[in-house]
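Take a look at the letters that make up each chain.
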Amino acid sequence: MLTDEVGKGATSASRPAYSADNPLRSGGSLIQLITPRGERISHPEFDVWVKDVSDEQLGSLYEDMTVIRRIDAEATALQRQGELALWPPLLGQEASQIGSSRALREDDFVFPSYRESGVAYVRGAELAEIAKVWRGNASYGWDPQRIKLATPQIIIGSQSLHATGYAMGIQHDGADSVVMAYFGDGATSEGDVSEAMVFAASFQAPVVFFCQNNHWAISEPVRLQSHVQIADRPNGFGIPSMRVDGNDVLAVLAATRVALDRARKGGGPTFIEAVTYRMGPHTTADDPTRYRDPNELEDWAAKDPIARLKALLDSKGLLTEQLEAKVQAKADAVAAEFRAGCIDMPDPAPLDVFNHVYSTPNSWIERQKDHYSRYLESFSGSAEEGAL
Amino acid sequence: MSATMIKEFRLPDLGEGLTESEILSWKVAVGDTVTLNQVIAEVETAKAVVELPSPFAGVVTALHEQPGTIVEVGKPIVSFEVDDAGSGTATGGSAAPVAEAVGAPAKREPNLVGYGAVVEASGRPVRRQRAQSGAAAALAEQSAPAQPLPAATPVDEPLDALSAGERPRSTPPVRKLARDLGIDLQMVTGTGPAGLITRADVQNFVDAAAAGTPAVPAAVGVPGVLPGERETRTPIKGVRKFTAAAMVQSAFTAPHVTEFLTVDVTPTMELLARLKASKGFEGYKLTPLTIAAKAVLVALRRNPTLNSRWDEAAQEIVQFNYVNLGIAAATPRGLTVPNIKDADRMTLLELSMALSELTDTARAGKTSPAELSGGTISITNIGVFGIDAGTPILNPGEAAIVALGSVRKAPWVHNDELAVRQVMSLSLSFDHRMVDGEQGSRFLTDLGAILADPAIVMTML
């Protein structure tokens, strides 16, 4: 349920107090348009937001979700083969990432965390650019201005501040584009996210906080971190929120469109909690079997985002052999391109590390660069002997 | 068909800075044709057990490491014959064509992600200023990482490096390896630059000692008692370490009392035979353990103090109103005690299913942490080893543990006559802080009464 009506109530004593047991809290009902079994159910408020989604578009959402799952599998394999240093899997979160990013306009700006590789794919990042940072090849993958997507933020939740600041800039420009900040359930326990919400509410900045509650902050379960539902937290800051089935791509799309529309029209920030599940490890360096009940994974596998969309397509007679072959071919091609782009990437030269520290020449960096190049030269005599 | 070439897959750094991994098992054999990303091995790092997907499509030509070996990152573990035209895969840091790996070992390895390993393999950066005679240094540099070196490799300054009183030059991981293996580094000849002792040197020393061949004599006169011949040293780690800590903690915090009772379980064995033949249990695994577990649960209902925990911090005794029944299981990795949650609410059939699942999971080494925690009482079935009785140590935090002895035919007084009956010994250890002799004895006699006459349960429930 939307809680717009309590959005600005923080200043008014006559409004209901915000608390976990407030009947107006958002968390009570989960917005869902496709059930885990793939039935399309109607919703009085949200149906209208996805009325325009054609059969063809439904098929393309399915394609995108399948493709990013494949990227994820390929990247995980590449890490095991020593071609990537690390990879944060997105398995299980495809609907959250595709449903939300497909709602964005080209001129909207996105601030992702490190797990939004699916969002990067939708925004138009090249596959090798997605692989680049995880290969340890560069500290950035793509040009943020070109695809309006900031570099992935490793520091938990910090991008919510960058997003809010950028949104305040949009206000100054008088534009109607919106900023989307992605983060996880764990980030909502961080000070940065709280501060971002304070500023976003105070300035009514056009920012959407999109929280993928994947239930685990590495090994910390969400139930330990938050005694209320995550979607209840922003209400304390005076920010309306929605709690949406994050494994339902249509519901995510609808909720994101509601939030974007509100922001574009000057209605300020919205917080979306997409309830989903991290089916894989936190990163390829993690072993979730050490802290997670395997039954839980089984429960969530039954709610798989791709399986349910596939079932819906099937029931509508849209899951043709042609569509399946097309999606399969696309996924295969993307996986092969991702692999080739990753493996064939040239190694950076040692001095490249100085290249993007400052945007303008800097004497101190020049000095360090000079020292380092002379240090490297000292190896030249024995370089053929594999000294370094 | 185009020409083929051999490619090697070198062990990558699987988790942000690891230097080694243990090969647990191979999923392929020499001669197998594999596809790209097909799982070829299972390896265990310090962080996780992971599956290795094949970086190539091709035919496996060699497996370089045996299961159970700990392999350094960067070492080749498997070779493939692949189409020269390339099977959609290119070469990368860890999957390099052999020609490059062997033919030009001096070339700097593109150290893409395995930052721990290359340093280990090639030694420290050699500055030009360092007075190493070029040829010898270069040779040592080249050969040290790849192959165990013949001892004859000339090194510059072994005497300096190993002069009395000075610690032999090595690196922390190698020193740790030596310590784990019980090797005194003074006895190992270093073949790395400037006499640096490498991992391969230590390994060679151990191999030589194990093979009984005289190892490379120590550079200085340390009297050499070669380890490995008359004793085997195994590093204390993993499940063994955990078990040891748990047992010490339990044995020295809970005052154990153990009682024994030998009973005629012939009626139980007859019941077992009848149940096995009945339709309801067709296809299910029923064993004396199943009946005994059920009997423990019934006896526990009458003697709940044995199903409790001493909470030292809270200064409280927690009595559980549910039973999570632990079953000690010998697994390939050692002893584990997974438990069956809410076993007291299960029917005999459910219990038998839970028991088979639990043992299968444990034997496969797939027991989850959740299944290992939260137990309230345990059973250890020492009978399967042909043992009659023992003094089991409590699973830490639990108040009681029952050891089931083997069921044997024995002379027994039955109906005032000597008869051959099936007899079993029960051993019960309990924590005397919570359980007194009276309660422990009552529980044990109840348990014995049920096994001696299962129908007595009618009077107990």
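Here, every reference points to the structure presented above.
Fair warning: this is a prediction, and the values are worked out from it, not measured in the lab. The numbering scheme is per chain: residues are counted from 1 as the chain's sequence reads. For this description, chains carry letters from A and ligands carry numbers from 1, given in the order in which they are written. At least 70 in pLDDT is required for a residue's local features to be given in this predicted model, at least 80 for side-chain atom pairs to be given and counted, and no such filter applies to totals for whole chains, interfaces and linings, which use all residues. With hydrogens and water set aside, each side-chain value is computed from the structure's full complement of heavy atoms.

Undergrad: Can you tell me about the overall build of chain A, naming the residues and giving the values?
TA: When helices and strands are tallied, chain A shows 13 helices and seven strands. Looking at the 388 residues of chain A, the share that counts as buried comes to 53%. Considering only intrachain contacts with a sequence separation of at least 6, the fraction spanning at least 24 residues in chain A is 74%. Method for areas: the Shrake-Rupley scheme with a 1.4 Å probe, in which residue coverage is limited to the protein chains shown. Total accessible area computed for chain A in this model is approximately 16,400 Å², and 53% of it derives from carbon and sulfur atoms. A run of DSSP states H or I qualifies as a helix once it reaches four residues; a run of E qualifies as a strand once it reaches two. Both are numbered from the N-terminal end. Classification of residues uses two cut-offs on accessible area relative to the type maximum, computed with a 1.4 Å probe and protein chains only: under 20% is buried, over 50% is exposed, and between them is partly exposed. Whether two residues touch is decided by their heavy atoms; if any such pair falls within 4.5 Å, the residues are in contact.

Undergrad: Hey, could you go over the sheet that holds strand β7 (residues 70-72) of chain B for me, with residue numbers and the actual values?
TA: Residue and element names in this part refer to chain B. If DSSP finds at least two bridges between two strands, the strands pair. Taken in spatial order, the four strands make up an open sheet running β5-β4-β2-β7, and their pairing is antiparallel. Both outer strands of the open sheet, β5 (49-53) and β7, are each paired with one neighbouring strand and no more. Averaged over all adjacent pairs, the angle separating strand axes in this sheet is 40°, with direction ignored. As defined by bridge partners, strand β2 (residues 20-26) adjoins β7 across three bridges and the pair is classed as antiparallel. Each bridged residue has a counterpart across the sheet, and for E22 the counterpart in β7 is I70. Fitted lines through C-alpha atoms serve as axes, helices being fitted only where they are in contact, and the angles separating the N-to-C directions of these axes extend from 0 to 180 degrees.

Undergrad: Now, about the packing of aromatic side chains: what can you tell me, with residues and values included?
TA: Residue and element names in this part refer to chain A. Aromatic rings from Phe, Tyr and Trp, with only the six-membered ring used for Trp, were paired whenever their centres fell within 6.5 Å, and each pair was classed as stacked if the ring planes differed by under 30 degrees, edge-to-face if by over 60, and tilted otherwise. With the rule as written, the count across this model stands at 16 aromatic pairs over all chains. On the basis of an interplanar angle of 90° and a centroid distance of 5.0 Å, the ring pair of Y375 and F379 is categorised as edge-to-face. Judged by its relative accessible area of 35%, Y375 falls in the partly exposed class. Charge-over-ring contacts are defined here by two conditions on Lys NZ or Arg CZ: a distance within 6 Å of the ring centre and an angle within 35 degrees of the ring normal. Above the plane of the ring of W300 lies K303, whose end atom (NZ or CZ) is 3.9 Å from the centre.

Undergrad: Could you give me a rundown of the sheet that holds strand β3 (residues 33-34) of chain B, with the residues and numbers involved?
TA: Residues and elements named next belong to chain B. Read from one edge to the other, the open sheet built from four strands follows the order β1-β8-β6-β3, with strand pairing classed as antiparallel. Here the strands that pair on one side only, and so sit at the sheet edges, are β1 (4-10) and β3. The sheet contact formed by β1 and strand β8 (residues 76-83) spans seven bridges and is antiparallel. Residue R10 lies in a different strand from β8, and its bridge partner there is P76.

Undergrad: I'd love a proper account of the nonpolar core, names of residues and values included.
TA: To qualify as a nonpolar core, a set must consist of buried Ala, Val, Leu, Ile, Met, Phe, Trp, Tyr and Cys residues joined through side-chain atoms within 4.5 Å. Residues L58(A), I130(A), L250(A), L309(A) and F338(A) are the most contacted members of the largest nonpolar core, which totals 71 residues. At 11 residues, the largest contribution of residues to this core is made by helix α9 (residues 249-264) of chain A. A292(B), L297(B), I340(B) and L444(B) belong to the second largest nonpolar core, which has 48 residues in total.

Undergrad: Describe empty space enclosed by the protein, naming the residues involved and giving the relevant values.
TA: Residue and element names in this part refer to chain A. Residues are said to line a cavity or pocket when one of their atoms sits within 4 Å of a point; the points come from a 1 Å grid over protein atoms alone, cavities being sets where a 1.4 Å probe fits but cannot get out and pockets being open sets with protein on both sides within 12 Å along at least five of seven lines. Grid points are joined across faces, edges and corners, and a volume is the space filled by probe spheres set on the points. Under the defined criterion, the tally for this structure stands at six cavities of 30 Å³ or more. Taken together, P112, S113, Y114, E116, S117, A120, I130, V133, W134, W142 and P152 form the lining of the largest cavity. If you tally residues by element for the lining of the largest cavity, the top one is helix α4 (residues 127-134), at three residues. Its residues assigned to classes, the lining of the largest cavity comprises eight nonpolar, two polar and one charged. Asp, Glu, Lys and Arg are counted as charged, while Ala, Val, Leu, Ile, Met, Phe, Trp, Tyr, Cys and Pro are counted as nonpolar; the rest, among them Gly, fall into the polar class.

Honestly, that's just the spatial picture; any functional story needs more than this.
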